[in-house]
Amino acid sequence: MSATSATAHAHTAHAAHHEVGFVRTYIFSTDHKMIARQFLFLGLFMMIIGGLLALMVRWQLAWPETPVPGLGWVLTETGGILEPSQYNMAFTMHATIMIFFVIMPILAGAFGNFCIPLMIGARDMAFPFLNMLSFWVAALSGVLMLAGFFVPGGHAAAGWTSYAPLSSVPEYTGTNWGQNLWCISLFVLGVSSMMGAINYITTIINMRAPGMRLFRMPLVVWSLFITAILLLLALPVLTSGVAMLLFDRTLGTNWFKPSGGGEPLLWQHLFWYFGHPEVYILILPAMGIASEILPVFARKPIFGYHAMAFSMIAIAFLSWVVYGHHMFVSGMNPALGMSFMVTTMIIAVPSAIKTFNWLGTLWGGRIQFTVPMLNALAFVWMFVIGGLSGIFMASTPVDIYIQDTYFIVAHIHYVVFGGSIFGAFAAIYYWFPKMFGRLMNTALGHLHFWPTFVFFNLTFFPMHIIGVGGQMRRIYNPLQYEFLQHQQHWNVLITISAIGLGIAQIPFVINFFWSLFAGPKAPLNPWNSNTLEWTAPSPPPHLNWGPTVPTVYRGPYEYTSPESREDFLPQSQPPLVRAGTSRH
Ligand code: HEM
Ligand SMILES: [Cu+2]
């Protein structure tokens, strides 16, 4: 874009900007930064609901069939005791909400929207209206999902995986409208995700600033690019699957019903063909976030930039050919099981490349233990534990023993909480100054991070132990099984820690809202980072930069470069032409 046309464009847009009222600025905004904030608020709000549901589940597991404090006024018939059907509903909705309405909106929705245009030097997304639609369709999906709590028969109760025929025959769970709403809500969410994905992909391909070659893009943009491709390809499988499930339940089709010639296993295939890429949709952005934050606070270039980008691409390819590891015990041919075992083991290779590169980045760095850095370090460490337990489960003979136990629950949480949620916290602490123009409080940040880290491990590590000890997933009352009674003290410890983990989020909530209104004003580049978003004002105005967008001269991780007197070298800083030096 020439300078004159850029100026003219900014000028007309500026004039238009003045006419925009409250509704267009804060509610039906097409500005990628406002949409990012909307997704962030959606995700944080849903996190409270998902967290409270988890505590209900944990209470029941530690002190079975005793009244859950504070629930007496809701469950009046039992005085606050969860019935088995309500217990099923609680764990189903906990997982559904956390995956689809917390991690996806925060990582892909909020940080995808915030980072992509600002970090590639674009003024907005390629399709701003579609972007706005994508948020509001997601919000509608959230309303439909929450509505399930208020319908007769209660909400969906067949697990977040909703295996048929448990989910396809209403009598089996006693849930009717709840499960239908679950299907409808996820169908709608699938549409929203596709709109977002198309936008992200187009923006990254077409709208990079001058000089922003693909291999000069920050790794978080790479991760969001690959996530968007996975979203575009995986979500339609779920969207079709939930539509088929809904038709089985309401229109009398028989996709998954053996009585009508259907095939229950078909659901598992559809679900996991979506589901495994989905777990990478949940973790890839967090990997990108860690790759962004570690170099900044180690004051060193990222170790192996190209290897980092290519291992994410490799993970994305492999994620399509490993999904059978979720179905080892479904009666599959052992030869097929063996193939899935091998592909799953292979996916550990690019994951390990990334881990070693993060360690290589830290090695010999001048590490600054800021709050975003602590969360990013926790991400790396916890992801390693989660990845290692994955390898155990990938081995078919081991998985036959531990499948459907608390070992799986431990694995899930090390990757999704230890990985994705610590990644989300790292991103919030790191980009908050740019997003809202104010600094967060460091002391409160530590008060949030340390108890969260300790209680997280106290909550989820013992789950490996009770899992190997035989405790099954999704059981109502462990005390009903004699062989589990001797490990009940672990359940009590886990629940107490989970309550601690919940309480540990209070400093975060206080810090977030206090800083939003009263935090000190943020400077342009508070962390001395190299990437383009830090050249825009805090918070960036509509269209992000003044008359011209920045030009890019180098990669994003030139920290402590000999070319610069300071220990950082922004991507947009023109190269120095030293007097007296000439090149032949
Ligand atoms: C080295 C990497 C990984 C390996 C080898 C691996 C392997 C596995 C295997 C074999 C299972 C099935 C276990 C069973 O049900 O018996 C599983 C389950 C699961 N994994 Fe992973 N995994 C890895 C990384 C991840 C990541 C990064 C995530 C998410 C961000 C993730 C999320 C999950 C979830 C949510 C389940 C449980 C699904 C359910 O049944 O509800 N995994 N993993
Ligand atoms: Cu998987």
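Residues numbered from 1 in each chain as written. Chains lettered and ligands numbered in written order. Predicted model: local features only at pLDDT ≥ 70, side-chain atom pairs only at ≥ 80, totals over all residues. Heavy atoms only, no water.

Caption draft 1: Quick look at the overall build of the protein chain. Of regular secondary structure, the protein chain possesses 17 helices and zero strands. In summary, the protein chain has a C-alpha radius of gyration of 24 Å against a globular reference of 25 Å for 584 residues, a match within 12%. Seen along its three principal axes, the alpha-carbon backbone of the protein chain occupies a region of about 85 × 50 × 50 Å. Sorting the 584 residues of the protein chain into buried and exposed places 59% on the buried side. (Helix = DSSP H or I, 4+ residues; strand = E, 2+ residues; numbered from the N terminus. Rg over C-alpha atoms; globule rule 2.2 N^0.38 Å. Buried < 20%, exposed > 50% of the residue type's maximum accessible area, 1.4 Å probe, protein only.)

Caption draft 2: Focus on the coordination of the iron atom of ligand 1. What the protein offers the iron atom of ligand 1 as a donor is a single atom, His-411 (NE2), at 2.2 Å. In this structure, the iron atom of ligand 1 is positioned 4.6 Å from the copper ion (ligand 2). Counting through the fold element by element, His-411 comes out in helix α14 (residues 406–436). (Donors = N, O, S within 2.8 Å, 3.2 Å for Na, K, Ca; no water.)

Caption draft 3: Quick look at the nonpolar core. Counting 170 residues, the largest nonpolar core has Leu-40, Phe-100, Phe-111, Phe-379, Trp-431 and Phe-512 as its most contacted members. In terms of residue count, the dominant contributor to this core is helix α4 (residues 84–120) (23 residues). Residues within four places of Trp-431 in sequence aside, it is in contact with Phe-111, Phe-114, Cys-115, Met-119, Val-220, Ile-289, Glu-292, Glu-533 and Trp-534. (Core = buried A, V, L, I, M, F, W, Y, C linked by side-chain atoms within 4.5 Å. Contact = heavy atoms within 4.5 Å.)

Caption draft 4: Seen up close, the packing of aromatic side chains. Considering all chains together, one arrives at 54 aromatic pairs under this definition. For the pair Tyr-430 and Trp-534, a centre-to-centre distance of 5.4 Å together with 75 degrees between the ring planes defines the contact as edge-to-face. Of this pair, Tyr-430 sits in helix α14 while Trp-534 sits in the segment after α17 (506–518); the two residues are 104 residues apart in sequence, bridging distant segments of the chain. Trp-534 sits in the buried class, given a relative accessible area of 2%. Pairing Phe-432 with Phe-436 gives two aromatic rings, centres 4.8 Å apart and planes at 45 degrees, and the pair type is tilted. Of this pair, Phe-432 and Phe-436 both sit in helix α14, separated by four residues, roughly a single helical turn. With respect to class, Phe-432 is no different from Phe-436; both count as buried. (Phe/Tyr/Trp six-rings, centres within 6.5 Å; stacked < 30°, edge-to-face > 60°.)

Caption draft 5: Quick look at the site of ligand 1. As a matter of local geometry, ligand 1 sits amid 23 residues, with Trp-160, Val-279, Asp-399, His-411 and Arg-473 nearest to it. Between ligand 1 and Trp-160 there is a distance of 2.8 Å, counted from an oxygen atom to a side-chain nitrogen or oxygen. In this structure, an oxygen atom belonging to ligand 1 sits 2.6 Å away from a side-chain N or O atom of Arg-473. Broken down by secondary-structure element, the contributors of at least two residues to the shell around ligand 1 are α9 (264–298), α12 (371–394) and α14. Examining the composition of the shell around ligand 1, we find that six residues originate from one element, α12, more than from any other. Of the residues assigned to the shell around ligand 1, the class counts are 13 nonpolar, eight polar and two charged. (Near = heavy atom within 4 Å. Polar contact = N/O pair within 3.5 Å; in protein donor to acceptor, adjacent residues only side chain to side chain. Nonpolar A, V, L, I, M, F, W, Y, C, P; charged D, E, K, R; others polar.)

Caption draft 6: Representation of the coordination of the copper ion (ligand 2) within the structure. At this site the copper ion (ligand 2) is bound by His-276 (ND1), His-325 (NE2) and His-326 (NE2), with donor distances of 1.8 to 2.0 Å. Each donor residue of the copper ion (ligand 2) belongs to the same chain, and together they define the spacing H-x48-H-H. Judged by relative accessible area, which is 28%, His-326 ranks as partly exposed.

Caption draft 7: The arrangement of the pattern of salt bridges in detail. Tallying each qualifying case throughout the model produces three salt bridges. Taking the shortest distance from any N to any O, the salt bridge between Asp-31 and Lys-33 comes out at 3.0 Å. Each member of the pair, Asp-31 as well as Lys-33, carries the same accessibility label: buried. Across the salt bridge formed by Arg-299 and Asp-567, the nearest N and O atoms sit 2.9 Å from each other. One end of the pair, Arg-299, is in the loop between α9 and α10 (305–318); the other, Asp-567, is in the segment after α17, and 268 residues separate them in sequence. A relative accessible area of 2% means that Arg-299 is categorised as buried. Each of the salt bridges in this network shares a partner with another, and the network as a whole consists of Arg-299, Arg-366 and Asp-567. (Salt bridge = Lys/Arg side-chain N within 4 Å of Asp/Glu carboxyl O.)

Caption draft 8: Highlighting unusual backbone geometry. The omega angle of the peptide bond from Ala-164 to Pro-165 is 5 degrees, so this bond is cis rather than trans. With respect to the secondary-structure elements, Pro-165 resides in the loop between α5 (128–147) and α6 (170–173). Between Ser-538 and Pro-539 the backbone carries a cis peptide bond, its omega angle lying at -10 degrees. In this structure, Pro-539 sits in the segment after α17. Non-glycine residue Asn-544 carries a positive phi angle of around 70 degrees. When you line up the elements, Asn-544 lands in the segment after α17. Look at Thr-560: it is not a glycine, yet its phi comes out positive at around 50 degrees.

Caption draft 9: Broad picture of a nonpolar patch on the surface. On the surface, Phe-22, Val-23, Tyr-26, Phe-28 and Trp-136 cluster together into a nonpolar patch covering about 520 Å² of accessible area. With three residues, helix α2 (residues 22–27) is the largest single contributor of residues to the nonpolar patch. Note on placement: Val-23 falls in helix α2. Taking relative accessible area as the criterion, Val-23 reaches 44% and is therefore assigned partly exposed. (Patch = residues over 30% accessible without salt bridge, like charges linked within 9 Å, V, L, I, M, F, W, Y side chains within 5 Å. Areas by Shrake-Rupley, 256 points an atom, 1.4 Å probe, with all protein chains shown as cover.)

Caption draft 10: Examining α12 more closely. For α12, with 24 residues, the first-to-last C-alpha span of 34 Å sits near the 34 Å given by 1.5 Å per residue. Burial within α12 is extensive, with 17 of its 24 residues counted as buried. (Expected span 1.5 Å × (residues − 1).)

Taken by themselves, the reported measurements are silent on function.
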